[in-house]
Amino acid sequence: MAGKRVLIVYAHQSAGSFNAAAKDAAKEALTTQGCTVEVSDLYAMKFKATATAEDIIGDVQNADNFRYAEETKVAWEAGKLSDDITEEQRKLTQADLIILQFPMYWFSLPAIMKGWIDRVLTLGYAFSQEKRYSQGVFKDKKVLLSFTTGSQESMFSANGINGDMNVTLWPLQNGILHYCGFQVLTPQIFWAPSHVPSEVRSTMLEGWRKRLEGVLGEEPLAFTSMDCFDREKGFQLKPEFHEEHAAKEFGPTVGTHLGKPLPPNQMRAGV
Ligand SMILES: Cc1cc2nc3c(=O)[nH]c(=O)nc-3n(C[C@H](O)[C@H](O)[C@H](O)COP(=O)(O)OP(=O)(O)OC[C@H]3O[C@@H](n4cnc5c(N)ncnc54)[C@H](O)[C@@H]3O)c2cc1C
């Protein structure tokens, strides 16, 4: 771990929150191991959450029909993205590990963190037609979601009222992180910290510190490689992949499940 760089992107309004405690625990544990840790404290930074033409310095290509992805690609190539985006891209480029620390909002991320994703992971810089998924830009970087819930774990199960957490995490872990090439590590889920006794919260934080001691050696979650999809056929799975998986109990991933039972592979590596 020594010499590695970590970026913690943190979204909570309160320094007294459990999320703040999880962020502080990570910063301390990783710094103690010799890592350089940067924190983007999004609310404190008043980070702009909306993707607009103001994100580009100077004139845009087509103000009448403004298209964010294409315009930010041209601006990124010309070094004309706004200073706040450029600074976050600098931090991200330098990081070996990125931790997104947030409270779950509406089965997803707080808007300010979604804004960080929309504005920092721009076309050209973070992905392109050629560079995505297993061939993605950030394939040498690791990332993990570290978040709190209001709900108990049982509510986010295949038998629970909120449904399977594996499904909830698919858009974030596959659609954003794996799409940009990141090696996605097992999420760190702090279940319902507001509803457990103080000792349980302390144990959760202790477990988090312990996990961080070996985090860069962890096996990432499994996703299906780009090579398994046929570009000429609208990126459908190739027949040989189907043959290989015919006898398997679970579908390969939560999204590409082949009509089989969902694999538990969005929450644990090696399954
Ligand atoms: C808009 C919105 C949407 C939401 N959507 C969802 C949803 O879809 N699904 C869902 O499950 N939940 C949802 N929630 C609930 C939300 O996820 C939880 O309220 C949040 O995750 C709790 O985390 P926190 O950091 O805010 O907890 P806090 O309430 O800040 O902390 C919990 C407890 O930990 C204590 N604490 C702080 N520091 C420490 C420390 N160092 N050691 C020990 N204890 C400490 C605090 O004092 C407090 O008692 C939503 C909430 C909002 C506002």
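Rules and cut-offs
- Residues numbered from 1 in each chain as written.
- Predicted model: local features only at pLDDT ≥ 70, side-chain atom pairs only at ≥ 80, totals over all residues.
- Helix = DSSP H or I, 4+ residues; strand = E, 2+ residues; numbered from the N terminus.
- Rg over C-alpha atoms; globule rule 2.2 N^0.38 Å.
- Buried ≥ 20, exposed ≤ 12 C-beta atoms within 10 Å, placed from the backbone.
- Contact = placed C-beta atoms within 7 Å.
- Domains from an automatic or database assignment.
- Nonpolar A, V, L, I, M, F, W, Y, C, P; charged D, E, K, R; others polar.
- Axes fitted to C-alpha atoms, helices over the stretch in contact; angles between N-to-C directions.
- Parallel < 35°, antiparallel > 145°, perpendicular 65-115°, else oblique.
- Left-handed = near helix turned anticlockwise from the far one by under 90°.
- Near = placed C-beta within 6 Å.
- Pairing = 2+ DSSP bridges.
- Right-handed = clockwise from strand over helix to strand, strands pointing away.

1. Some thoughts on the overall build of the protein chain
Tallying secondary structure elements over the protein chain gives seven helices and eight strands in all. Computed over the C-alpha atoms, the radius of gyration of the protein chain is 19 Å, within 12% of the 18 Å expected from 2.2 N^0.38 for a compact globule of 271 residues. In terms of its C-alpha atoms, the protein chain occupies a principal-axis envelope of roughly 55 × 50 × 40 Å. Considering the protein chain as a whole, with its 271 residues, one finds that 34% of them fall into the buried category. The contacts of the protein chain with a sequence gap of at least 6 include a subset with a gap of at least 24, amounting to 74%.

2. Considering the environment of Leu258
As for its placement among the helices and strands, Leu258 is situated in the segment after helix H7 (239-245). The sequence separation of Leu258 and His242 amounts to 16 residues, and the corresponding C-alpha distance is 8.4 Å. In contact with Leu258, not counting residues within four places along its chain, are His245, Gly251 and Pro252.

3. Examining the domain arrangement of the protein chain
Annotation of the protein chain at the domain level lists domain 1 (5-221) and domain 2 (223-271). Once you take the C-alpha centre of each, domain 1 and domain 2 turn out to be 25 Å apart. Of the residues lining the interface, 18 residues belong to domain 1; the matching set on domain 2 comes to 13 residues. A breakdown of the residues in the side of domain 1 that touches domain 2 according to their chemical character gives eight nonpolar, seven polar and three charged.

4. Description of the packing of helix H3 (residues 83-94) against helix H4 (residues 111-120)
Two numbers describe a pair of packed helices, the interaxial angle and the distance between the axes. With their axes 10 Å apart at the nearest point, H3 and H4 run at an angle of 90° to one another. It follows from the interaxial angle that H3 and H4 lie roughly perpendicular. Facing Ile85, Glu88, Gln89 and Leu92 of H3, the residues of H4 in contact are Trp116, Arg119 and Val120. For the contact of H3 with H4, the residue count by class is four nonpolar, one polar and two charged.

5. Re the packing of helix H1 (residues 18-32) against helix H6 (residues 198-213)
Orientation of H1 relative to H6, taken along the N-to-C sense of each, is 30°, at an axis distance of 9 Å. When the axes of H1 and H6 are compared, the crossing they make is right-handed. In this structure, H1 uses Phe18, Ala21, Ala22, Ala25, Ala26, Ala29 and Leu30 to contact H6, whose residues at the interface are Arg201, Leu205, Trp208, Arg209 and Leu212. Among the residues forming the contact of H1 with H6, the class breakdown is 10 nonpolar, no polar and two charged.

6. Description of the site of the ligand
Taken together, the neighbourhood of the ligand is formed by 21 residues, with Ser17, Ala21, Pro103, Thr148 and Gly150 sitting nearest. When residues of the shell around the ligand are traced back to their parent elements, those giving at least two are H1 and H6. When residues of the shell around the ligand are assigned to their parent elements, the largest contribution, four residues, is made by H6.

7. Brief notes about the environment of Met226
Considering the arrangement of structural elements, one finds Met226 in the loop between H6 and strand E7 (229-230). Taking the C-alpha atoms as reference points, Met226 and Ala95, 131 residues apart in sequence, are found 24 Å from one another. Among residues more than four places away in sequence, those in contact with Met226 are Tyr133, Ser134 and Gln135.

8. Regarding the pairing of strand E1 (residues 5-10)
Counting buried positions over the six residues of E1 gives five, a clear majority of the element. As defined by bridge partners, E1 adjoins strand E2 (residues 36-41) across six bridges and the pair is classed as parallel. When the bridges of E2 are listed, Tyr10 appears paired with Asp41. The parallel pair E1 and E2, bridged by H1, forms a crossover whose chirality is right-handed. Pairing between E1 and strand E3 (residues 97-103): five bridges, direction parallel. Bridge assignment links Val6 to a residue of E3, and that residue is Leu97.

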